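Descriptive analysis of the structure
So the chains spell out like this:
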Amino acid sequence: MGTVAEELIALTNDTVMNSTIFSYIGQYVDLDYSIWLYRLLTPLMLTFVLPTLFVLLIYLSISFLYVYKLHSRFILQVYNDGDFDFWDVARTLVAVVWDAHGWIFHGYEVCGLDNLPETGPALIIYYHGAIPIDMYYLVARVYLKKSRLVYTVGDRFLEMLPGWSCLARVMKVSPGTVQSCSNVLKEGNMLSIAPGGVYEAQFGDSNYELLWRRRVGFAKVAIESKAPIIPMFTENLREGFRSIGFAKRLFIRLYNAVRFPVRPVYGGFPVKFRTHLGKPIEYDPSLTPEQLQEKVAFAIEELINKNQRIPGSILHGLIDRFVAKKKNE
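Residues numbered from 1 in each chain as written. Predicted model: local features only at pLDDT ≥ 70, side-chain atom pairs only at ≥ 80, totals over all residues. Heavy atoms only, no water.

**Focus on the packing of aromatic side chains**
This is how the line gets drawn: Only centres within 6.5 Å qualify two rings of Phe, Tyr or Trp (six-membered ring in Trp) as a pair; their planes then separate them into stacked at under 30 degrees, edge-to-face at over 60, and tilted for everything else. Counting from the N terminus, the helices are DSSP H or I runs at least four residues long and the strands are E runs at least two residues long. The classification of residues rests on relative accessible area computed with a 1.4 Å probe and restricted to protein chains. Under 20% of the type maximum is buried, over 50% is exposed, and intermediate values are partly exposed. Put simply, a charge is over a ring when the Lys NZ or the Arg CZ is close to the ring centre, within 6 Å, and near the line of the ring normal, within 35 degrees.
Taken as a whole, this structure holds 15 aromatic pairs when the rule is applied. Taken together, a centroid distance of 5.6 Å and an interplanar angle of 40° make the contact between Y68 and W87 tilted. You can see Y68 sitting in helix 2 (residues 31–70) and its partner W87 sitting in the loop between helix 3 (72–78) and helix 4 (88–106), a full 19 residues away along the chain. The pair formed by Y68 and W87 is uniform in burial state, with each residue classed as buried. Taken together, the ring pairs in this structure connect F64, Y68, F86 and W87 into an aromatic cluster. We note R213 situated over the ring of Y199; from NZ or CZ to the ring centre the distance is 3.9 Å.

**Quick look at the nonpolar core**
Our working rule: Joining through side-chain atoms within 4.5 Å is the link that ties buried Ala, Val, Leu, Ile, Met, Phe, Trp, Tyr and Cys residues into a set, and such a set is a nonpolar core. Either an automatic procedure or a domain database provided the assignment from which the domain bounds are taken. Throughout, a contact is declared for two residues whenever any of their heavy atoms are within 4.5 Å.
Membership of the largest hydrophobic core comes to 86 residues, with the highest contact counts inside it found for W98, L123, I125, I133, L138, I229 and V296. Here this core takes 8 residues from helix 5 (residues 133–146), the largest share from any one element. Here this core gathers at least three residues from each of two domains, domain 1 (1–59) and domain 2 (85–320). Residues within four places of L123 in sequence aside, it is in contact with L185, L191, I193, F218, V221, A222, P228, I229 and I230.

**A word on the sheet that holds strand 6 (residues 229–235)**
Using the following cut-off: DSSP bridges decide pairing: two strands pair if at least two such bridges lie between them. Note on geometry: axes are lines fitted to C-alpha atoms, helical ones only across the stretch in contact, with angles between N-to-C directions running from 0 to 180 degrees.
A sheet is described by the order of its strands in space; here 7 strands give the open sequence 1-9-6-2-5-3-4, paired in mixed fashion. Each having just a single partner strand, strand 1 (109–111) and strand 4 (173–174) make up the two edges of the open sheet. With 3 bridges joining them, strand 1 and strand 9 (residues 274–277) adopt parallel strand pairing. What sits directly across from E109, in strand 9, is R274. Across the sheet, helix 7 (residues 178–186) touches strand 2 (122–126), strand 3 (150–153) and strand 5 (190–193), and the angle it forms with strand 5 is around 145°. Helix 9 (residues 217–225) contacts strand 2, strand 5 and strand 6 of the sheet and is inclined by roughly 165° relative to strand 2.

**Topic: the pairing of strand 2**
Burial analysis of strand 2 places 5 of its 5 residues in the buried class, the great majority of the element. Alternating residues of strand 2 divide into A122, I124 and Y126 and L123 and I125, and every residue in both groups is buried.

**Observations regarding the packing of helix 4 against helix 5**
Formally: When an angle is under 35 degrees it counts as roughly parallel; over 145 it counts as roughly antiparallel; between 65 and 115 it counts as roughly perpendicular; any other value is oblique. Handedness of a crossing follows from how the near helix is turned relative to the far one, being left-handed for an anticlockwise turn of less than a right angle and right-handed for a clockwise one.
Their axes nearest at 8 Å, the elements helix 4 and helix 5 cross at an angle of 125°. Taken together, helix 4 and helix 5 sit at an angle that is classed as oblique. Crossing hand, helix 4 versus helix 5: left-handed. Side by side, helix 4 and helix 5 meet where D88, R91, T92, A95, V96, W98, D99, H101, G102 and H106 of the first sit next to I133, Y136, Y137, A140, R141, Y143 and L144 of the second.

**What to know about the pairing of strand 3**
Side chains of strand 3 alternate between two faces, with V150 and T152 buried and Y151 and V153 left unburied. Alignment of strand 3 against strand 5, held across 3 bridges, turns out to be parallel. When the sheet's bridge partners are listed, V150 is paired in strand 5 with M190. As defined by bridge partners, strand 3 adjoins strand 4 across 2 bridges and the pair is classed as parallel. The partner of V153 across the bridge, within strand 4, is S174.

**Description of unusual backbone geometry**
A cis amide bond links I310 to the next residue, P311, at an omega of -5°. Looking at the element boundaries, P311 is found in the loop between helix 12 (289–307) and helix 13 (314–319). For K172, which is not a glycine, the phi torsion comes out positive at approximately 60°. Of note, K172 is situated in the loop between helix 6 (164–171) and strand 4. Not every positive phi belongs to a glycine, and A247 is a case in point at roughly 55°. Secondary-structure assignment places A247 in the loop between strand 7 (241–243) and helix 11 (248–258). A relative accessible area of 35% places A247 in the partly exposed class.

**Thoughts on the side chain of S182**
Inspection of the secondary structure assignment puts S182 in helix 7. Excluding residues within four positions of it along the chain, S182 makes contact with V221, E224 and S225.

**Re the environment of I310**
With respect to the helices, strands and loops of the structure, I310 is situated in the loop between helix 12 and helix 13. I310 gets classed as partly exposed once you look at its relative accessible area, which sits at 39%. Distance in space between the C-alpha atoms of I310 and N236 is 9.8 Å, their sequence separation being 74 residues.

**So, the pattern of salt bridges**
Convention followed: Just to be clear on terms, a salt bridge is a Lys or Arg side-chain nitrogen sitting within 4 Å of an Asp or Glu carboxyl oxygen.
As enumerated under the stated definition, the model contains 9 salt bridges in all. Between R274 and E235 there is a salt bridge, with the nearest N and O atoms lying 3.1 Å from each other. Of this pair, R274 sits in strand 9 while E235 sits in strand 6, placing them 39 residues apart in sequence. Accessibility expressed as a relative area gives 7% for R274, which makes it buried. R242 serves as the salt-bridge partner of E239, at 2.8 Å between the closest nitrogen and oxygen. By relative accessible area, E239 is classed as buried at 0%. Judged by relative accessible area, which is 18%, R242 ranks as buried. Through salt bridges that share partners, E109, E235, K272 and R274 make up one connected network.

Written out as structure tokens, the structure is:
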């Protein structure tokens, strides 16, 4: 009996103490308000957390490539073939993961895949979203469907990311110059370039205007290599990921000073992604780089005007996942 009484007294003391603590906290913190604020800000916090899942997927791919490389001796013993490309298996598995992610999370589709050649060079020129996730999906889809790897021109700041060199080497991503890009095409490969680059990624918006400024490097590459150009645009790209909308002038000044992405990105919304590949723009020796730039820009703007709701809408982008689009191509 004494033991039971002692336990009851201890329990009572604990209850009184907890009540005292909550009363003390309640003097300084409105618990109801804190809970309401937490519930209010949770969706806002998630919009900035979700883009990190994209980064996480990249580093999972990098981790897999490193593990694959560490087991190279065993893999080469299994595939004892002189024509065997050691990285083919790794690329295929990475492509499967990215293609599955695109299909599950964004219902990813590609329209006009037949516009890409089965063999020979092609220069894919595309609109750059806040995050170029559509190019990752396209590279995976093309690799799986056509057994062809699309080389990609990436910004130099990517070289500063830990582990990026492994992924870049395997998936053929590099900053590139006019000469190196021309050589890639002359060797019969496909290459993708976003003329707007990081500037377009950071400061574009849901109106989908091309922010190429006076960049004609890609046109010089096409002229020197005599490769056809394939215009590309991904529907609802800006509704999946967006840059924050305030202090734009300040971020432009910061970007011009450091040449590094400084404007925060939010989103990760599971809107419908549909990549459109236009008809090839064949080599024309009569065009100057400036004229070719205008011609390609017009072709991409046509894809945007034909397929994109302007201004873009996150809500309608989500609805597109469930409503079939009428074919008008």
